[in-house]
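The chain contents come next:
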Amino acid sequence: MLTLASKLKRDEGVKTGRAPGGPSDSSHRVSIRDRLLIKEVAELEANLPSTCKASFPDENKLHHFQLAVSPDASSSPQTAALASSRLLTQCLMVSPVSTDEGYYQSGKFQFEINVPEAYNMVPPKVKCQTRIWHPNIAETGEICLSLLREHSIDGTGWAPTRTLKDVVWGLNSLFTDLLNFDDPLNIDAAEHHLRDKEDFRNKVQDYIKHYAR
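These notes cover the structure that comes with them. Computed from a predicted model, the values in this text were never measured in an experiment. (Residues numbered from 1 in each chain as written. Predicted model: local features only at pLDDT ≥ 70, side-chain atom pairs only at ≥ 80, totals over all residues. Heavy atoms only, no water.)

## Some details on the pairing of strand β4 (residues 125-128)
Step number 1: Only one face of β4 is covered, namely the one carrying Val-126 and Cys-128; the face carrying Lys-125 and Lys-127 has none of its residues buried.
Step number 2: When strand β3 (residues 109-114) meets β4, the two strands line up antiparallel, connected through four bridges. Bridging from a neighbouring strand, Asn-114 pairs with Lys-125 of β4. (Buried < 20%, exposed > 50% of the residue type's maximum accessible area, 1.4 Å probe, protein only. Helix = DSSP H or I, 4+ residues; strand = E, 2+ residues; numbered from the N terminus. Pairing = 2+ DSSP bridges.)

## Observations concerning the environment of Arg-213
Step number 1: Along the polypeptide, Arg-213 turns up in the segment after α6 (197-211).
Step number 2: If we skip the residues at most four places from it in the chain, Arg-213 touches Ser-106 and Ile-208.
Step number 3: Polar side-chain contacts of Arg-213 include one of 3.1 Å to the backbone oxygen of Ser-106. (Contact = heavy atoms within 4.5 Å. Polar contact = N/O pair within 3.5 Å; in protein donor to acceptor, adjacent residues only side chain to side chain.)

## Digging into α6
Step number 1: The end-to-end C-alpha separation of α6 is 21 Å, in line with the 21 Å expected for 15 residues at 1.5 Å each.
Step number 2: Taken together, the buried positions of α6 are occupied by Phe-200, Val-204, Tyr-207 and Ile-208. Along the long axis of α6, the arc covered by the buried residues comes to 100°, so they all point the same way. Away from its buried face by more than 90 degrees, α6 exposes Lys-209 and His-210.
Step number 3: Each element contacted by the buried residues of α6 is listed here: β3 and α5 (187-195).
Step number 4: The backbone nitrogen of Glu-198 lies 3.2 Å from a side-chain oxygen of the residue at the head of α6, namely Asp-196. (Expected span 1.5 Å × (residues − 1). Arc of directions from axis to C-beta.)

## Focus: helix α2 (residues 32-46)
Step number 1: Here α2 contains 15 residues, and its C-alpha end-to-end distance of 22 Å stays within 8% of the 21 Å for a straight helix at 1.5 Å per residue.
Step number 2: Turning to α2, its buried residues are Arg-33, Asp-34, Leu-37, Ile-38, Glu-40, Val-41 and Leu-44.

## Describing the pattern of salt bridges
Step number 1: According to the stated counting rule, one finds four salt bridges in the structure shown.
Step number 2: Among the ionic pairs, Asp-34 bridges to Arg-33, the shortest N-O distance being 3.2 Å. Of the two residues, Asp-34 and Arg-33, both sit in the buried class.
Step number 3: The shortest N-O distance in the salt bridge between Glu-139 and Arg-131 comes to 2.9 Å.
Step number 4: Taking relative accessible area as the criterion, Glu-139 reaches 31% and is therefore assigned partly exposed.
Step number 5: Take Arg-131: its relative accessible area is 37%, and that puts it in the partly exposed class.
Step number 6: Three or more residues are tied together by salt bridges with common partners; here these are Arg-33, Asp-34 and Glu-117. (Salt bridge = Lys/Arg side-chain N within 4 Å of Asp/Glu carboxyl O.)

## Considering the packing of α5 against α6
Step number 1: At a closest axis distance of 5 Å, the pairing of α5 and α6 adopts a crossing angle of 135°. Overall, the two elements α5 and α6 adopt an arrangement that is oblique. Seen from α5, the contacting residues are Ala-189, His-192, His-193 and Arg-195; seen from α6, they are Lys-197, Asp-199, Phe-200 and Lys-203.
Step number 2: When its residues are assigned to classes, the contact of α5 with α6 shows two nonpolar, two polar and four charged. (Axes fitted to C-alpha atoms, helices over the stretch in contact; angles between N-to-C directions. Parallel < 35°, antiparallel > 145°, perpendicular 65-115°, else oblique. Nonpolar A, V, L, I, M, F, W, Y, C, P; charged D, E, K, R; others polar.)

## Focus: the environment of Leu-164
Step number 1: Turning to its location among the elements, Leu-164 is positioned in helix α4 (residues 164-173).
Step number 2: Placed 127 residues apart in sequence, Leu-164 and Leu-37 show a C-alpha to C-alpha distance of 8.2 Å.
Step number 3: With sequence-adjacent residues up to four places away left out, Leu-164 is seen in contact with Leu-37, Glu-40, Val-41, Leu-44, Phe-65, Val-115, Tyr-119 and Pro-124.

## Focus on the sheet that holds strand β1 (residues 52-55)
Step number 1: One open sheet accounts for four strands, arranged β1-β2-β3-β4; its pairing is antiparallel. In this open sheet, the two edge strands, each paired with only one partner strand, are β1 and β4. Within this sheet the neighbouring strands show an average axis-to-axis angle of 20°, counted without direction.
Step number 2: Examined bridge by bridge, β1 and strand β2 (residues 64-69) share four bridges and lie antiparallel to one another. Note that in β2 the partner of Ser-55 across the bridge is Gln-66.
Step number 3: Here α4 sits on the sheet and contacts β1, β2, β3 and β4; the angle it forms with β2, its principal contact strand, is near 35°.

Below you can see the structure in the form of structure tokens.
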């Protein structure tokens, strides 16, 4: 992060103190996206849920990072309630299951997040890299989360006012308050839950045992 931030400072110096056409060539400048990300990553790291860990393979490429989510029953109920209240208001209206269900506790789920050059006019691209039995996440990794939708007629999709922090809190909440069986992406998983909740739980745990440790 510091390396990219230092580059941003150098670019500002170039902008104010050097003539165009020299080493201040546009190919060496930090993009608008990366200027936003320097601020947003700092905000994210200061507000990361206790169940999440973000890692950046290259500190000069804040637009590509991994997020690990480890649902945990010991997480602060007050923090979870605050976050889910905000997300339910800003992101989508759902019929959430009780967080007491704890289907995904003990698992560790990896997400890959790529932020396009056109950010923040378009949302980040997110894929789940861990195979999972979940109504809102396909076994191939696609994710159903309203705030990641570029176009939404109900106003719950992506907007330039959203940030990486919203995305991370949204992904974290897919295992608690935003777990939605009424509008599934994985229809088989939702129907399985409707048919036999205990067998659904067993299959979730079986997936965790094989893919999410």
